[in-house]
Amino acid sequence: MIYLDFAASTPLLPSVKKELFRAFEEEYSNPSSAHKLGRSSAEKIESVRDKIADSIGAYKSEIIFTSGASESNNLAIKGYVLANQKKGRHIVTSSIEHKCILSICHFLEKEYEYEITYISPQKNGIIDPQDIISAMREDTVLVSIMHVNNELGSIQPIAAIGQACFERDIKFHVDAAQSYKKIPIDVDELNIDMLSISAHKIYGPKGIGALYIRDLRETRIQPIIHGADQEYGLRGGTLATPLILGFGVAVGDQTIEDNLDGVSKINSLLRTKVIEIGGVINSPDTNYIPHILNFRLSNFDASHFVANSDFLCSQGSACSSMNIEMSYVLREIGLNFEEAQSSIRFSFNKFDSNLLNFYQ
Ligand SMILES: Cc1ncc(COP(=O)(O)O)c(C=O)c1O
């Protein structure tokens, strides 16, 4: 079997697995405890916080641990807008965000009467920053745009959107679940105010992630999980020491960065093959990460292939690929039902030397 679903989740790095086993065995105390063992775990957790902050050009005091990108997105969007309702009730996002962002927006529309503008991408899956700017209003409190689309691999123009938000004093949230460690991120250069990341997309454990919040102490955020003052009072619950320490090992590892050339080679070989056999590439031709390739073939039953093939891949995103309904991302870039049903997403990373040999 060849695993081609790294955008859905990744296996653990051996070094992450080793740290997880060690930490589950040894770091069993509560990291909030005042005794030596608790303090020692807390120190290790703080060094992971530091490492994450460093990797995105932030301060350690601006990082909150969460259970993953979904929770980070919830805390960023609901937490910020509900605590700042007086500033306005309009949000700008895109129509190809991860399902979790769209669900949060639908919730805010329904329960709190927020107005949301959903910007459609261009045919190549890339959002025109001018469309975002045109949608901004006096009462816009937040813009939330993903860095890389999980179905297409398209890279969004985050710097231009960040600049426009900065000039208008609108908070800018970025879901970086698919881009973190694949594209360098500097939150200051890109004018990002909040950023969501997840460990299981970078060879870390499932169930742990982080949210960056610029000037966290001066920013009004309403907690989603109320608790005993952990994480600056923004996210209650005993910190998951082993998961955080495993996350830290994944953050510090260079496998993803080192493997970029190999992944790019796989992507271009596969693009050539798909076109040779009469297929069509759904991913963009420029501004994409090579780790994700979405394409379609004629007379191809993608869902049958996904369910039965030894190539372990997805039809759209993993979260929605069990649904019969068509991918809204593919619909948004102009595909019809048949084209979407014959489309497939391969996503690559480290353990792909087999695949490279296969195509050469
Ligand atoms: C763009 C994007 N956002 C959010 C998520 C959700 O991440 P998590 O599984 O860590 O909650 C995913 C995972 O599929 C994703 O690709």
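Residues numbered from 1 in each chain as written. Predicted model: local features only at pLDDT ≥ 70, side-chain atom pairs only at ≥ 80, totals over all residues.

Some words on the packing of helix α2 (residues 36-55) against helix α7 (residues 241-252)
We apply this condition: Here, axes are lines fitted to C-alpha atoms. For helices the fit covers the stretch in contact, and angles between N-to-C directions go from 0 to 180 degrees. Helix and strand definitions here come from DSSP, where helices need a minimum of 4 consecutive H or I residues and strands a minimum of 2 consecutive E residues; each element is numbered from the N-terminal end. Helix crossings get a hand from a simple test, with the near helix turned counterclockwise from the far one by less than a right angle marking a left-handed crossing and a clockwise turn marking a right-handed one. We call two residues in contact when the distance between their C-beta atoms, placed using the backbone, is within 7 Å.
Orientation of α2 relative to α7, taken along the N-to-C sense of each, is 35°, at an axis distance of 9 Å. For α2 against α7, the interelement crossing comes out left-handed. When α2 is examined against α7, the residues Ser41, Lys44, Ile45, Val48, Lys51, Ile52 and Ser55 are found in contact with a partner set consisting of Thr241, Ile244, Leu245, Phe247, Gly248, Val251 and Gly252.

A word on the site of the ligand
Note the following rule: Here, nearness is defined through the C-beta atom: a residue counts as near a molecule or strand if that backbone-placed atom lies within 6 Å of it. As a working rule, the residues Ala, Val, Leu, Ile, Met, Phe, Trp, Tyr, Cys and Pro are called nonpolar, Asp, Glu, Lys and Arg charged, and the rest polar, with Gly in that last group.
Near the ligand, the surroundings consist of 14 residues, among which Gly68, Ala69, Ser70, Ala177 and Ser198 are the closest. Within the shell around the ligand, the residues separate by chemical class into five nonpolar, eight polar and one charged.

Re the sheet that holds strand β8 (residues 209-213)
We count it as follows: DSSP calls a pair of strands paired once it identifies at least 2 bridges connecting them.
Read from one edge to the other, the open sheet built from seven strands follows the order β2-β8-β7-β6-β5-β3-β4, with strand pairing classed as mixed. Across the chains shown, the open sheet's two edge strands, defined by having one partner strand only, are β2 (63-66) and β4 (115-119). Taken over all neighbouring pairs, the strand axes of this sheet differ in orientation by 20° on average, direction set aside. Bridge count for β2 against β8 is four bridges, and the pairing is antiparallel. Pairing of Ile64 across the sheet is with Leu211, part of β8.

Points about helix α9 (residues 260-276)
As a reminder of what qualifies: Helix span is expected to be 1.5 Å times the residue number reduced by one. Exposure is read from a count of other C-beta atoms within 10 Å of each residue's own; the residue is exposed at 12 or fewer, buried at 20 or more and partly exposed in between. C-beta atoms are placed from the backbone. The directions from the helix axis to the C-beta atoms form the arc being described.
With 17 residues, α9 extends 24 Å from end C-alpha to end C-alpha; this agrees with the ideal 24 Å at 1.5 Å per step. Val263, Ile266, Asn267 and Leu270 are the residues of α9 that are buried. Axial view of α9: buried residues confined to an arc of 100°, hence all on one face. Residues of α9 that are exposed and point more than 90 degrees away from the buried face comprise Asp261, Thr272, Ile275 and Glu276.

Describing the environment of Pro290
You can see Pro290 is positioned in the loop between β9 (280-281) and β10 (292-296). A count of 22 C-beta atoms within 10 Å places Pro290 in the buried class. In this structure the C-alpha to C-alpha distance between Pro290 and Ser264, which are 26 residues apart in sequence, comes to 5.1 Å.

Quick notes on the sheet that holds strand β12 (residues 343-347)
In spatial order, the strands read β9-β10-β12; together these three strands make up an open sheet with antiparallel pairing. Every other strand in the sheet has two partners, leaving β9 and β12 as the edge strands with one partner each. Taken together, the five bridges between β10 and β12 define a ladder with antiparallel strand orientation. Directly across from Leu293, in β12, lies its bridge partner Phe346. The sheet contacts of α9 involve β9, β10 and β12, and relative to β10 the element is tilted by about 5°.

Thoughts on the domain arrangement of the chain
Selection criterion: Throughout the structure description, domain borders are defined by an automatic or database domain assignment.
Per the domain assignment, the segments of the chain are domain 1 (2-9 + 256-359) and domain 2 (14-252). With 24 residues of domain 1 at the interface, the matching set in domain 2 holds 25 residues. When contributions to the side of domain 1 that touches domain 2 are tallied by element, the ones reaching two or more residues are α8 (255-258), β10 and α11 (328-332). Top contributing element to the side of domain 1 that touches domain 2 by residue count: β10, with three residues. Its residues assigned to classes, the side of domain 1 that touches domain 2 shows ten nonpolar, eleven polar and three charged.

Concerning the environment of Leu245
Along the chain, Leu245 turns up in helix α7. Sequence-wise, Leu245 and Glu27 are 218 residues apart; in three dimensions their C-alpha atoms are separated by 9.7 Å. Apart from residues no more than four positions distant in its own chain, Leu245 is found in contact with Glu19, Ala23, Glu27, Lys44 and Val48.

What to know about the nonpolar core
The condition is simple: Each nonpolar core consists of buried Ala, Val, Leu, Ile, Met, Phe, Trp, Tyr and Cys residues. Their C-beta atoms, within 7 Å, join them into a set.
Ranked by internal contacts, the top residues of the largest apolar core, which has 93 residues, are Val143, Leu195 and Tyr212. Tallying contributions element by element places α7 first for this core, with seven residues. Sequence-distant contacts of Tyr212, that is, excluding residues within four places in its chain, are made with Ile56, Ala58, Glu62, Ile63, Val187, Met194 and Leu195.

Regarding the packing of helix α1 (residues 14-26) against α7
Condition: For classification, angles of less than 35 degrees are called roughly parallel, those exceeding 145 degrees roughly antiparallel, those between 65 and 115 degrees roughly perpendicular, and all remaining angles oblique.
One can describe the packing of α1 onto α7 by two numbers: an axis separation of 8 Å at closest approach and a directional angle of 155°. As far as their axial angle goes, α7 and α1 are roughly antiparallel. Our pair here, α1 against α7, has a crossing hand that is right-handed. Contacts between α1 and α7 involve Ser15, Val16, Glu19, Leu20, Ala23 and Phe24 from the first element and Thr241, Pro242, Leu245, Gly246, Val249 and Ala250 from the second. Of the residues belonging to the contact of α1 with α7, the class tally is eight nonpolar, three polar and one charged.

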